[in-house]
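Chain and residue survey
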Amino acid sequence: MTTKTTGAQAVMKSLVAEQVDTIFGYPGGAIMPIYDALYDYEDTIKHILVRHEQGATHAAQGYARTSGKTGVVFATSGPGATNLITGLADAMIDSTPLVCITGQVDSKLLGTDAFQETDVVGISMPITKWNTQVTRVEDIPAAIAKAFYIAKSGRPGPVLIDITKDAQFGEMEFQYEKCTTIRSYRPKPKLNKTLLEEAAILINKAKKPYLLIGQGIMLSNAEQELLNFVEKSGIPVASTLLGLGAFPNHHPLYAGYLGMHGDYAANIKTNECDVLVAIGMRFDDRVTGDVSRYAKQAKVIHVDIDAAELNKIINADVGIHADAKEALTLLTELVHQKEHSTWLQEFRDLKKVEVETLQKSTDEAFNDEIKMDEVIKMLSEITNGEAVVVTDVGQHQMLTARYYEYNKTKSNITSGGLGTMGFALPAAIGAKFGAPKKTVIAIIGDGGFQMTLQELGTILQSEVNIKIVILNNRFLGMVRQWQQMFFEKRYSFTNMVSPNFIALAQAYSISAKKVEYREELKESLLKMLNHKGSFLLEVMVAKEENVFPMITTGASVSEVRLN
Amino acid sequence: MKKTYTVSVFTENSIGMMNRVTIIFTRRHLNIDSITASESEVPGVFRYTIVLRTTKAQIEKVIGQLEKVIDVIKAFVHEENDIVHQEIALYKIRTETLTNGDVEKVIRKHHARVLTVDSQFMVIEKTGHVEETQLLFEKLRPYGVLEFARSGRVAVTKPMKELSAYLEEI
């Protein structure tokens, strides 16, 4: 006699078949059968009960980014599903693999405006890599198999499966087959050797070659191949925001962080190099500044696994549709062993100018007050650049990207493309579940923290150990900076009145401390890091610190400003 | 410079496919002039023919984005000279207007054909380019057109190689 499996049980069995060990979610009416089935998996699958479904998506993103696995989210229909939208959009633009499973009303009620019915498949279509609605129990395993395959392969992204309640209650004979191919989907490009040879010729002839890397390096696990390539070719490497960590920042060939608030040298040299090699990055507008004046002097080699990224923003002289790992392996064989010491010295000279200028201007402006960047520098030093650092969005995010010395891969978790305030706290929770042995530090502004602070409840209940640093400048700092620079200091609704964060943390049984003076900063950071369990450190920082360097809107990368 | 482009998209037959295809255009603020969709010569594979005016740079990016859609098998873009295209238009007019000899002349001149004649009305069919079906409409309008319906463009490419090769793979 074969025993029948319900749709809800089939969901759980399918997740087990995909080696899922952690789920972030929130129960509700339409997903109750699945939660009922989950109850029997308490020993094998960890379910983290978040406080809001948006938190579940960000936590799953954090988990995916540190573990390299696919993040899994459960949510109910209607508001549960719509609360996933921000996280899905964030994961989509930042190429993070997620499988989100939402409950849906009974299939007979679809389109009737039933209680908690919403067209989540329609809503999430533009912000998922793929989505589907399952109304028949027998379709559940195949849909889940397809979802995991799509989420993780090629350029990763979020996937949503909406399962009607009757499909969850229905019965079937369970059989699971992993998805390994879809005829309309070719995630793995064939390596074009001729193009790589063309690229190698350009690189070998180059006097001032320059390499830009993005998250694609980490997504294809090409960190070692990158290191081999860079050390052989002697090309200086700069990173996008999401690429930070893919190449050790203490390496002598590391040239810095790119973009609007990136390093002085890293930006300027983009418009001076003769060959620009971009791997696993997509020339975001925050990286390029004015595209019509971006690297016009250079031959551009662009390697990406997503064919649609080639020639999307910057026309490539050699566009290579390839997996970064495979391309780098072959490219390393093809390039000559070289050193570019004069070229490298130019980077170092500019770095010196940057450090001196910035130091001078901030010292003058904020003598006594703690500045955000000194907190970051100190944290980087104490943790040796080896912690997993999760940032929110804004000034603190840019300063962390600039001053935290990322030396470990998959250690930089932030909301890049979407710029989602409120990302860091839930993402840090997920990041810790994805990398339980690592120290996970969330660095958050006073504004962003208040967007998802309900997740302190998740920390309390799941007993996760994360360190939270709130850099409190009593402002929505980045917007304020723009108001200062471009809107005649008309600080329209950017001042922030915040609650007592220490009392708030304590209400959730999370140890906390407030730092107001420089003298107590280091010991407080150490206290936080050495504390067993989660800890919240609120650092009162200068109110009107600005982030420099800066490429203002419409300016070219070579016009990066130091003040 | 903006030009008219014809996009052919081959997709799986899944629910919501039309939406997945059109949101690519919506997001880029591109207005679709006409769209037709139906099963292709390969069972289960649908063919969309989309006509719009845009720039070459934009349409090439759109093709890239269309091909990223999981259930899209392949997308192509063609300029006007690369394709043979046609539309079909149906015109319903009162049967009694035929007693006026002019209507017959109009039908003849435009190589239209009469599909059906009822005691009350008749249906005329004209296939051709949009300008041609439009012209016939203008000519018939003085006699009273009760109903007018026009399909979107369907098109086949002049160099057939790439298309057929791709469909054979499926």
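Residues numbered from 1 in each chain as written. Chains lettered and ligands numbered in written order. Predicted model: local features only at pLDDT ≥ 70, side-chain atom pairs only at ≥ 80, totals over all residues.

In the nomenclature of an unreviewed UniProt entry, chain B is known as Acetolactate synthase small subunit of Brumimicrobium oceani.

If you check an unreviewed UniProt entry, chain A appears there as Acetolactate synthase from Brumimicrobium oceani. Taken from UniProt, the Catalytic activity (unreviewed entry) comment for chain A reads in full: "2 pyruvate + H(+) = (2S)-2-acetolactate + CO2". (UniProt positions renumbered as here; feature names shortened; annotations may be inferred.)

As for its position among the elements, B:Glu60 is in helix H2 (residues 56–68). Between the alpha carbons of B:Glu60 and B:Val77 there is a distance of 7.6 Å; along the sequence they are 17 residues apart. (Helix = DSSP H or I, 4+ residues; strand = E, 2+ residues; numbered from the N terminus.)

Residue and element names in this part refer to chain A. Viewed as axis vectors pointing N to C, helix H16 (residues 372–383) and helix H17 (residues 395–403) meet at an angle of 45°, and their least axial separation amounts to 9 Å. Taken together, the axes of H16 and H17 are oblique relative to one another. Helix-helix and strand crossings are classified by hand; for H16 and H17 the assignment is right-handed. Across the interface between the two elements, Met 372, Asp 373, Ile 376, Lys 377 and Ser 380 of H16 pack against Gln 395, His 396, Leu 399, Thr 400 and Tyr 403 of H17. In the contact of H16 with H17, the residues fall into four nonpolar, four polar and two charged. (Axes fitted to C-alpha atoms, helices over the stretch in contact; angles between N-to-C directions. Parallel < 35°, antiparallel > 145°, perpendicular 65-115°, else oblique. Left-handed = near helix turned anticlockwise from the far one by under 90°. Contact = placed C-beta atoms within 7 Å. Nonpolar A, V, L, I, M, F, W, Y, C, P; charged D, E, K, R; others polar.)

Under the feature "domain: ACT" (unreviewed entry), the UniProt entry names residues 6–80 of chain B. The distance separating the terminal C-alpha atoms of residues 6–80 of chain B is 7 Å; by composition the span is 32% helix and 44% strand.

With six of six residues buried, strand S13 (residues 299–304) of chain A is to be regarded as a mostly interior element. With burial as the criterion, each face of S13(A) is covered, one bearing A:Lys299, A:Ile301 and A:Val303 and the other bearing A:Val300, A:His302 and A:Asp304. (Buried ≥ 20, exposed ≤ 12 C-beta atoms within 10 Å, placed from the backbone.)

Further remarks concern the domain arrangement of chain A. Bring the parts together and some accessible area is lost; that lost area is often taken as the interface size. All names here are of chain A. Domain assignment breaks chain A into domain 1 (5–172), domain 2 (193–345) and domain 3 (366–540). Its C-alpha centre places domain 1 at a distance of 36 Å from the equivalent point of domain 2. Contacts between domain 1 and domain 2 engage five residues on the former and five residues on the latter. The residue makeup of the side of domain 1 that touches domain 2, split by class, is one nonpolar, two polar and two charged. (Domains from an automatic or database assignment.)

All right, on to helix H9 (residues 193–205) of chain A then. Because an α-helix packs 3.6 residues into every turn, residues spaced three or four apart end up facing the same way. All names here are of chain A. Its 13 residues give H9 an end-to-end C-alpha distance of 18 Å, which sits within 8% of 18 Å, the value for a rise of 1.5 Å per residue. Looking only at H9, the buried set comprises Leu 196, Ala 199, Ala 200, Leu 202 and Ile 203. End-on, the buried residues of H9 take up no more than an arc of 160°, which puts them together on one face. For H9, the exposed residues lying more than 90 degrees away from the buried face are Thr 194 and Lys 205. Against strand S9 (209–213), helix H11 (223–233), strand S12 (275–279), S13, strand S14 (318–321) and helix H14 (324–334) lie the buried residues of H9. (Expected span 1.5 Å × (residues − 1). Arc of directions from axis to C-beta.)

Segmenting chain B into domains produces domain 1 (3–83 + 156–169) and domain 2 (84–150). Look at where the C-alpha atoms of domain 1 of chain B and domain 2 of chain B centre, and you get two points 30 Å apart.

The sites that UniProt annotates as "domain: Thiamine pyrophosphate enzyme central" (unreviewed entry) are residues 196–330 of chain A. Split by type, residues 196–330 of chain A is 30% helix and 20% strand. Its first and last C-alpha atoms lie 8 Å apart.

Counting 201 residues, the largest nonpolar core has A:Val390 and A:Ala442 as its most contacted members. A total of eight residues in this core trace back to one element, the largest contributor, which is helix H7 (residues 140–152) of chain A. With sequence-adjacent residues up to four places away left out, A:Val390 is seen in contact with A:Gly62, A:Ile413, A:Thr414, A:Ala424, A:Ala427, A:Ala428, A:Ala431, A:Val440, A:Ile441 and A:Ala442. Judged by nonpolar contacts, the second largest core, of nine residues, contains B:Ala89, B:Ile107, B:Ala112 and B:Leu140. (Core = buried A, V, L, I, M, F, W, Y, C linked by C-beta atoms within 7 Å.)

Let us look at the sheet that holds strand S5 (residues 98–104) of chain A. Residues and elements named next belong to chain A. Here six strands make up an open sheet; going across it, the order is S3-S2-S4-S5-S7-S6 and the pairing parallel. Each end of this open sheet is capped by a strand with a single partner; those strands are strand S3 (46–49) and strand S6 (130–134). With direction set aside, neighbouring strand axes in the sheet form an average angle of 20°. Taken together, the five bridges between strand S4 (residues 71–75) and S5 define a ladder with parallel strand orientation. Among the inter-strand pairings, Ala 75 is bridged to a residue of S5, identified as Thr 102. Lying over the sheet, helix H3 (residues 53–67) contacts strand S2 (22–25), S3, S4 and S5, oriented at roughly 170° with respect to S4. (Pairing = 2+ DSSP bridges.)

For the rest of this paragraph, the subject is the interface of chain B and chain A. The interface is formed by 15 residues belonging to chain B together with 14 residues belonging to chain A. Those elements giving two or more residues to the side of chain B that touches chain A turn out to be helix H1 (17–27), H2 and strand S4 (72–79) of chain B. Here the side of chain B that touches chain A is built from residues that sort into five nonpolar, four polar and six charged.

Moving on, we come to the environment of A:Val355. For A:Val355, the position within the fold is in helix H15 (residues 341–365). A residue is classified by how many C-beta atoms lie within 10 Å of it, and A:Val355, with 11 of them, is exposed.

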